Amino acid sequence: MASKKKVVITCAVTGAIHTPSMSPYLPVTADEIADAAIAAAQAGAAVLHLHARDPVNGKPSQDPDLFRPFLERIKSSTDAIVNITTGGSPHMTVEERMRPAMTFKPELASLNMGSMNFGLFPMLQRFTHFEHQWEREHLENSRDLIFKNTYKDIEAILKQGTQNGTRFEFECYDISHLYNLAHFVDRGLVESPPFIQSVFGILGGIGPHPEDLMHMRRTADRLFGDHYEWSILGAGRNQIALATIGAAMGANVRVGLEDSLWIGPGQLASSNAQQVERIRIVLEALNLEVATPDEARSMLQLKGADKVSF
């Protein structure tokens, strides 16, 4: 992969993995999500990866009406790139997961590149008190859960997104997902350069060891040469460590409370912006420059914020 002069920071603001009882800082309402996203952008995030939640109980939701208020606020307050999830939650149908991205036609949307086990139940060992019944069920039910992303599903999302001018953050949780992406590139359904988000440390996917990161990079280099944009997502305590290794190797980086609730051992992050600020310090210590939103748009070849439907 070609060396980089600018590093794109993505911030995943709330996600669908963690539950409200795990951290008082996890954004739930539309105002909280908007405030967190805007602060992350001000701290240096060029891309904001967004999910929505039911404002009453914090349960993940793909209802477009829950996205609209914070999308409008974010767009009016920052020029950061909005990235809307099509992953939603593993507990949702593919059709449900696609609704927000197809409604709002963002510049960028996430796309999971293969079906997989998605084990969240180990978090029950760390967290034992839950305010809402759905939270414990959400974690416990992942013992018997397949996160469905078939070739048919991926093809449908690709075709619909491309018709809307949306490009994708390809979330690759394992080596096979890179091969799946190469399959769609070979078929002409993915425009070059693909934006590959390598995900490490989710039970059911590739592990968080530095050798796992190296294996992902070697495989991506073999499949895509220097015609791809690479980014690193480390789950939990691996967030900053793996992002640092990746950045030193030429990768973009992703942080945010979707991926990790922590800022240090046993210390909850007080905000998404705090994590953005931390990785920015690391990048600057490595003499790397942080990409602005417009620089990120150019790198990822996006259509522009004036061509979205929100």
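A short tour of the structure in this document, coming up.

**Some details on the overall build of the chain**
Scanning the chain for helices and strands turns up ten helices and 16 strands. Computed over C-alpha atoms, the radius of gyration of the chain comes to 18 Å, within 12% of the 19 Å expected from 2.2 N^0.38 for 310 residues, which places it in the range of a compact globule. Each principal axis of the C-alpha distribution contributes one length, and for the chain these read about 50 × 40 × 40 Å. Residues counted as buried form 59% of the 310 residues belonging to the chain. Partitioning the intrachain contacts of the chain with sequence separation of at least 6 by distance along the chain shows that 76% fall at a separation of at least 24. Summed over its atoms, the accessible surface of the chain is roughly 12500 Å², and 49% of this surface lies on carbon and sulfur atoms. Both charge centroids of the chain, one from 29 positive and one from 36 negative side chains, sit 3 Å from each other.

**Remarks on the sheet that holds strand 3 (residues 47-50)**
Ordered by their spatial adjacency, eight strands build a closed barrel running 2-3-6-7-10-11-12-13, and the pairing between neighbours is parallel. On average, each strand axis in the sheet is tilted by 25° relative to the strand beside it, whichever way the strands run. Both strand 2 (residues 9-12) and strand 13 (residues 252-255) contribute to a ladder of three bridges, which runs parallel. Looking across to strand 13, one finds that Thr10 is bridged to Arg254.

**Digging into the side chain of Arg53**
For Arg53, the location among the structural elements is in strand 4 (residues 52-53). Buried within the structure, Arg53 lacks any salt-bridge partner; its nearest side chain of opposite charge belongs to Glu135, at an N-O separation of 7.1 Å. A polar atom in the side chain of Arg53 sits 2.8 Å from the side chain of Thr14. For Arg53, the side chain forms a polar contact with the main-chain oxygen of His18, separated by 2.7 Å.

**Overview of unusual backbone geometry**
Going from Ser192 to Pro193, the amide bond is cis rather than trans, its omega being 0°. Positive phi outside glycine occurs at Lys105, with the angle close to 50°. Assignment of secondary structure puts Lys105 in the loop between helix 3 (94-104) and strand 7 (108-112). The phi dihedral of Asn287 falls on the positive side, at around 60°, and the residue is not glycine. For Asn287, the location among the structural elements is in the loop between helix 9 (272-285) and strand 16 (289-290).

**Focus on the nonpolar core**
Grouped together as the largest cluster of nonpolar side chains are 69 residues, with contacts concentrated most on Ile9, Leu48, Leu50, Phe70, Leu71, Ile74 and Leu283. In terms of residue count, helix 1 (residues 30-43) provides more of this core than any other element does, eight residues in total. Setting aside residues up to four positions removed in sequence, Leu283 forms contacts with Val7, Ile9, Ala247, Val253, Leu288 and Val290.

**So, the pairing of strand 3**
On strand 3, burial covers both faces: Val47 and His49 on one face and Leu48 and Leu50 on the other are all buried. Pairing analysis gives three bridges linking strand 2 to strand 3, with the strands arranged parallel. Bridged to Thr10 within strand 3 is Val47. Taken together, strand 2, helix 1 and strand 3 form a β-α-β motif whose crossover is right-handed. As paired elements, strand 3 and strand 6 (residues 81-84) share four bridges and run parallel to each other. Across the sheet, residue Val47 finds its bridge partner in strand 6, namely Ile81.

**Some points on the layout of surface pockets**
The volume enclosed by the largest pocket comes to roughly 970 Å³. Contributing to the lining of the largest pocket are 44 residues, with His18, Ala235, Gly236, Arg237 and Asp259 lying nearest its centre. The set of elements that each furnish at least two residues to the lining of the largest pocket consists of strand 7, helix 8 (239-248) and strand 14 (262-264). No other element matches strand 14, which puts three residues into the lining of the largest pocket. Of the residues assigned to the lining of the largest pocket, the class counts are 21 nonpolar, 16 polar and seven charged.

**Considerations on helix 2 (residues 64-77)**
Counted at 1.5 Å a residue, the expected span for helix 2 with its 14 residues is 20 Å, and the 20 Å between its end C-alpha atoms agrees. Among the residues of helix 2, Pro64, Phe67, Phe70, Leu71 and Ile74 are the ones counted as buried. Contacts from the buried residues of helix 2 go to helix 1, strand 3, strand 4, strand 5 (60-61), strand 6 and helix 3. A side-chain oxygen of the first residue of helix 2 lies 2.9 Å from the backbone nitrogen of Asp65; this N-cap is Asp63.

**Here we look at the environment of Gly188**
In this structure, Gly188 sits in the loop between helix 6 (175-186) and strand 11 (195-200). Measuring from C-alpha to C-alpha, the distance between Gly188 and Glu137 comes to 40 Å, with 51 residues separating the pair along the chain.

**What about the pattern of salt bridges?**
Applying the stated criterion across every chain, the model contains 18 salt bridges. Here Glu171 makes a salt bridge to Arg254, at a shortest N to O gap of 3.0 Å. Here the residue Glu171 occupies a position in strand 10 (residues 167-172), and Arg254 occupies one in strand 13, the gap between them amounting to 83 residues. In this structure, the salt-bridge partner of Arg280 is Glu284, at a minimum N-O distance of 3.1 Å. Residue Arg280 and its partner Glu284 are both found in helix 9; the two are separated by four residues, about one turn of the helix. By relative accessible area, which is 28% here, Arg280 ends up partly exposed. In the salt-bridge network here, residues are joined through shared partners; they are Glu169, Glu171, Arg254, Glu258 and Asp259.

Cut-offs applied
- As a convention, each chain's residues are numbered from 1 in the sequence order in which they are written.
- Since the coordinates come from a predicted model, pLDDT governs what is reported: local features require at least 70, and pairs of side-chain atoms require 80 or more to be given and counted, while whole-chain, interface and lining totals use all residues.
- Remark: hydrogens and water are excluded; side-chain values derive from all non-hydrogen atoms of the structure.
- Every helix listed is a DSSP run of H or I at least four residues long, and every strand listed is a run of E at least two residues long, numbered separately from the N terminus.
- Values of the radius of gyration come from C-alpha atoms, whereas the globule rule sets the reference at 2.2 Å times the count of residues to the power 0.38.
- Each residue's exposure class comes from its accessible area (1.4 Å probe, protein chains only) as a fraction of the maximum for that residue type: buried when under 20%, exposed when over 50%, partly exposed otherwise.
- Note on contacts: a residue pair is in contact if any heavy atoms of the two residues lie within 4.5 Å.
- For the accessible areas, the method is Shrake-Rupley and the probe is 1.4 Å, while residue cover comes only from the protein chains on display.
- When charges are counted, neither His nor the chain ends are considered; positive counts come from Lys and Arg and negative counts from Asp and Glu.
- For the purpose of locating charges, the reference atoms are NZ of Lys, CZ of Arg, CG of Asp and CD of Glu.
- In this analysis, strands are considered paired if DSSP registers two or more bridges between them.
- Axes, fitted as lines to C-alpha atoms, cover a helix only where it is in contact. Angles between the N-to-C directions of the axes lie from 0 to 180 degrees.
- Within this document, salt bridges are pairs made up of a side-chain nitrogen of Lys or Arg and a carboxyl oxygen of Asp or Glu, the two lying within 4 Å of each other.
- Throughout this description, a polar contact denotes any pair of N or O atoms lying within 3.5 Å of each other; where both atoms belong to protein, one of them has to be capable of donating a hydrogen while the other can accept it, and for residues adjacent in sequence the pair is counted only when both atoms sit in side chains.
- Throughout this description, the term nonpolar core refers to a set of buried Ala, Val, Leu, Ile, Met, Phe, Trp, Tyr and Cys residues connected via side-chain atoms within 4.5 Å.
- A right-handed crossover is one whose linking path, passing over the helix from the first strand to the second, runs clockwise when the strands point away from the viewer.
- Whether a set of points on the 1 Å grid over the protein atoms alone is a cavity depends on a 1.4 Å probe fitting there but being unable to get out, while an open set qualifies as a pocket with protein on both sides within 12 Å along at least five of seven lines; lining residues are those with an atom within 4 Å of a point.
- Grid points are joined across faces, edges and corners, and a volume is the space filled by probe spheres set on the points.
- When residues are sorted by character, Ala, Val, Leu, Ile, Met, Phe, Trp, Tyr, Cys and Pro go into the nonpolar class, Asp, Glu, Lys and Arg into the charged class, and all the rest, Gly among them, into the polar class.
- Here, expected helix span is obtained from the residue count minus one, scaled by 1.5 Å.

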